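Reading the structure
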Amino acid sequence: MKADRYLHPDRHLEQDMDSHPLQPGEEAVASEPQAADACDGSNSNPSMEVDVGNAMPPTQPAHMPVLHRQVQSVIPNDGADGGQTRSMLAEGLHFVGHAELRGPCSIAGTFEGNLTQAPGALVSVVVTETGRVKGDITAQKIAVMGRTDGILDSGQGEVSLHDTASVHGLVRYGRIQVNGADLNATLERVAPSGSAR
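Residues numbered from 1 in each chain as written. Predicted model: local features only at pLDDT ≥ 70, side-chain atom pairs only at ≥ 80, totals over all residues. Heavy atoms only, no water.

Next up on the list: the pattern of salt bridges. The tally for this structure, following the rule as stated, stands at four salt bridges. Note that Glu100 and Arg102 form a salt bridge whose closest N and O atoms lie 3.2 Å from each other. Two residues, Arg172 and Asp153, come together in a salt bridge whose shortest N-O distance is 2.9 Å. One end of the pair, Arg172, is in strand E15 (residues 166–173); the other, Asp153, is in strand E13 (residues 147–153), with 19 residues separating them in the sequence. Classification of Asp153 as buried rests on a relative accessible area of 16%. Overlapping salt bridges bring together Asp153, Arg172 and Glu188 as one network. (Salt bridge = Lys/Arg side-chain N within 4 Å of Asp/Glu carboxyl O. Helix = DSSP H or I, 4+ residues; strand = E, 2+ residues; numbered from the N terminus. Buried < 20%, exposed > 50% of the residue type's maximum accessible area, 1.4 Å probe, protein only.)

Okay, here's the thing in structure tokens:
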């Protein structure tokens, strides 16, 4: 169904529809303009054809965007960790075996085995709230928020046991911080080298 409708520059379509509502089955017809803009004296009736009830056609972009793979170069990290590799065992993963660490390590899953820092490396190990370690951990810094069962050996380093931690076994430390952890372990302080005590 198509409707012919006169669009006067000074009038809006809504105003025209309000003043002359259409009855069901009636077509809109262009009305004669009252303005004196027809200078030539002819009865020209400018009208515009409008499709009624059809949706706008879908617009297609001139071209589809294409994603290009970019190769990024890896820049060696000269930061505080000396470019060491980071290790992480995510929550829900279960690992059985031993690992030698050359950089920081975070355990959020279950680890059965020993975590040992590589010779000459000083690493930190964090056992998160969801982390479980059954085995020994040897590192310069050890922070426990989850559960450990085994030896925590930081040598002259530091051990932090948070309030959500459950620690069983032996803890060797140079400095220790205990914040309300469930501690069922033997504590052994390692004196700093060159100390008279």
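In this section: the pairing of E13. Sheet topology note: the strand E10 (residues 132–134)/E13 ladder contains three bridges and is parallel. If you follow Lys134 over to E13, its bridge partner there is Asp149. Here E13 runs beside E15; their pairing, made up of seven bridges, is parallel. Looking at E15, one finds that Leu152 is bridged to Val171. (Pairing = 2+ DSSP bridges.)

Our focus in this paragraph is the nonpolar core. Core analysis: the biggest nonpolar cluster contains 24 residues, and Ile137, Val144 and Leu152 have the highest contact counts within it. Of all the secondary-structure elements, those providing two or more residues to this core are strand E6 (105–107), strand E9 (124–127), strand E12 (141–144), strand E14 (158–161) and E15. Among the elements that take part in this core, E15 stands out by supplying three residues, more than any other. (Core = buried A, V, L, I, M, F, W, Y, C linked by side-chain atoms within 4.5 Å.)

The sheet contact formed by E9 and E12 spans four bridges and is parallel. Considered in E12, the bridge of Ser124 is made with Lys141. With four bridges connecting them, E12 and E14 associate as parallel partners. Bridging from a neighbouring strand, Ile142 pairs with Val159 of E14.

Let us look at the sheet that holds E9. If you walk across this open sheet you meet the six strands as E3-E6-E9-E12-E14-E16, and the pairing is parallel. The two strands at the open ends of the sheet, each matched to only one other strand, are strand E3 (87–89) and strand E16 (175–178). Averaged over all pairs of adjacent strands, the angle between strand axes in this sheet comes to 5 degrees, irrespective of strand direction. Bridge count for E3 against E6 is three bridges, and the pairing is parallel. (Axes fitted to C-alpha atoms, helices over the stretch in contact; angles between N-to-C directions.)

Take the packing of aromatic side chains next. Tallied over the full model, the rule gives one aromatic pair. Ring geometry for Phe95 versus Phe111: centroids 5.0 Å apart, planes at 25 degrees, classification stacked. Taken together, the positions of Phe95 in strand E4 (residues 94–96) and Phe111 in strand E7 (residues 110–112) put the pair 16 residues apart, joining distant regions of the chain. The class of Phe95 is partly exposed, set by a relative accessible area of 33%. When its relative accessible area of 4% is taken as the criterion, Phe111 is described as buried. (Phe/Tyr/Trp six-rings, centres within 6.5 Å; stacked < 30°, edge-to-face > 60°.)

Attention shifts here to the environment of Val125. Of note, Val125 is situated in strand E9. Its relative accessible area of 0% is what places Val125 among the buried residues. Not counting residues up to four positions away in its chain, the partners in contact with Val125 are Leu101, Cys105, Leu115, Ile137, Ala139, Lys141, Ile142 and Ala143. (Contact = heavy atoms within 4.5 Å.)

This next bit is on a nonpolar patch on the surface. Taken together, the side chains of Ile176, Val178, Leu183 and Leu187 define a hydrophobic patch exposed on the protein surface, amounting to about 270 Å² of accessible area. By secondary structure assignment, the location of Leu183 is in strand E17 (residues 182–189). (Patch = residues over 30% accessible without salt bridge, like charges linked within 9 Å, V, L, I, M, F, W, Y side chains within 5 Å. Areas by Shrake-Rupley, 256 points an atom, 1.4 Å probe, with all protein chains shown as cover.)

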